[in-house]
Amino acid sequence: GRRLRGGHGTGFGEADPAFGPDGRRAVFPAAPGLALHDFRCLSLLELGGAPAWVPCRNLAAALASAPCRPEDRAERDESLVEALVSFGMLGEAEALCRRVCVEPGRKDWASGHLGRVLRRSGRLLECVEHCNAALEDAPEEPRLYRSLTLAHAELENLDSARSAARRGLSRFPDDPTLRRFA
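Please read these numbers as outputs of a predicted model, since none were measured by experiment. (Residues numbered from 1 in each chain as written. Predicted model: local features only at pLDDT ≥ 70, side-chain atom pairs only at ≥ 80, totals over all residues. Heavy atoms only, no water.)

> I would appreciate a short explanation of helix α4 (residues 107-120) in the present structure.
Structurally, the α-helix is built with 3.6 residues per turn, so residues lying three or four positions apart point the same way. Under the 1.5 Å per step criterion, the end-to-end length of α4 is 20 Å for 14 residues, consistent within 8% with the ideal 20 Å. Of the residues making up α4, those classed as buried are Trp109, Ala110, Ser111, Gly112, His113, Leu114, Gly115, Arg116, Val117, Leu118 and Arg119. (Helix = DSSP H or I, 4+ residues; strand = E, 2+ residues; numbered from the N terminus. Expected span 1.5 Å × (residues − 1). Buried < 20%, exposed > 50% of the residue type's maximum accessible area, 1.4 Å probe, protein only.)

Shown next as structure tokens:
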């Protein structure tokens, strides 16, 4: 097999099409927590010059546990949180954001993503509270305005959604999400 950056070996194989999409499968056996039920949710990646289906949870665990240089952590965390959210692994995304929130210089980024995760997980009132509080310290984080606006809209509080959108547009006038609600 191949190696994921950081030393995770990759194992390849084929699966019966009755158990999911056609094509080869890949796993990162050294990543923690690989279990049979992980094969229910797959992501298609280009690995070794050919497509391969990888269990989402296994891929996220491999990304999270791979050694990373300090200067690459922000990029790795961005990729990881995007993967976790897109895989529907919102609890893991929240844990990542809360862990990064206490790191020097990373609070604004983590707060912005945490607002989105709270909203996507249906915790709308918590999202509103979080975003309002976080905007006191991080007024330059556009995700906070978007999450606040969308949470208000999902709560059917359209006046508050418009107000949050206008507030965000004063700093980010080209943001398409905010423009929809202003």
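> Got a minute to help me understand unusual backbone geometry in this structure?
The phi angle of most residues is negative, glycine excepted, and most peptide bonds adopt the trans form. A positive phi angle, near 65 degrees, is found at Glu156, a position not held by glycine. Residue class for Glu156 comes out exposed when judged on its relative accessible area of 70%.

> Would you explain the packing of aromatic side chains in this entry?
Between two aromatic rings, the relevant description is the distance of the centres plus the angle of the planes. What the rule picks out here adds up to one aromatic pair. The cationic tip of Arg106 hangs over the ring face of Trp109; the distance from NZ or CZ to the ring centre is 5.2 Å. (Phe/Tyr/Trp six-rings, centres within 6.5 Å; stacked < 30°, edge-to-face > 60°. Lys NZ or Arg CZ within 6 Å of the ring centre and 35° of its normal.)

> In this structure, what is going on with a nonpolar patch on the surface? I would like to understand it.
Together, Leu34, Leu36 and Phe39 make up a nonpolar patch on the protein surface, roughly 290 Å² of accessible area in all. Along the chain, the position of Leu34 falls in the loop between β4 (24-27) and β5 (42-47). (Patch = residues over 30% accessible without salt bridge, like charges linked within 9 Å, V, L, I, M, F, W, Y side chains within 5 Å. Areas by Shrake-Rupley, 256 points an atom, 1.4 Å probe, with all protein chains shown as cover. Salt bridge = Lys/Arg side-chain N within 4 Å of Asp/Glu carboxyl O.)

> Can you help me understand the packing of helix α2 (residues 73-86) against α4 in this one?
In helix packing, the relevant descriptors are the interaxial angle and the interaxial distance, both defined with respect to the helix axes. At a closest axis distance of 11 Å, the pairing of α2 and α4 adopts a crossing angle of 5 degrees. Regarding the angle of α2 to α4, the classification is roughly parallel. Two secondary-structure elements touch here, α2 through Asp77, Glu78, Val81, Glu82 and Val85 and α4 through Trp109, His113, Arg116, Val117 and Arg120. Of the residues assigned to the contact of α2 with α4, the class counts are four nonpolar, one polar and five charged. (Axes fitted to C-alpha atoms, helices over the stretch in contact; angles between N-to-C directions. Parallel < 35°, antiparallel > 145°, perpendicular 65-115°, else oblique. Contact = heavy atoms within 4.5 Å. Nonpolar A, V, L, I, M, F, W, Y, C, P; charged D, E, K, R; others polar.)

> Would you explain the pattern of salt bridges in this entry?
For side chains of opposite charge, pairing can occur when their charged atoms come near one another. Taken as a whole, this structure holds 20 salt bridges when the rule is applied. Residue Arg123 pairs with Glu126 through a salt bridge whose shortest N-O separation is 3.0 Å. Judged by relative accessible area, which is 31%, Glu126 ranks as partly exposed. Between Arg143 and Glu141 there is a salt bridge, and its shortest N-O distance comes to 2.9 Å. Shared partners join several salt bridges into a network, and the residues in it are Arg73, Arg76, Asp77, Glu103 and Arg106.

> Looking at this structure, how should I read the pairing of β5?
The side chains of a regular strand alternate between both faces of the sheet. Two strands pair when backbone bridges link them, and β5 and strand β6 (residues 50-55) are joined in this way by six bridges, in the antiparallel orientation. Within β6, the position partnered with Leu47 by the bridge is Ala50. (Pairing = 2+ DSSP bridges.)

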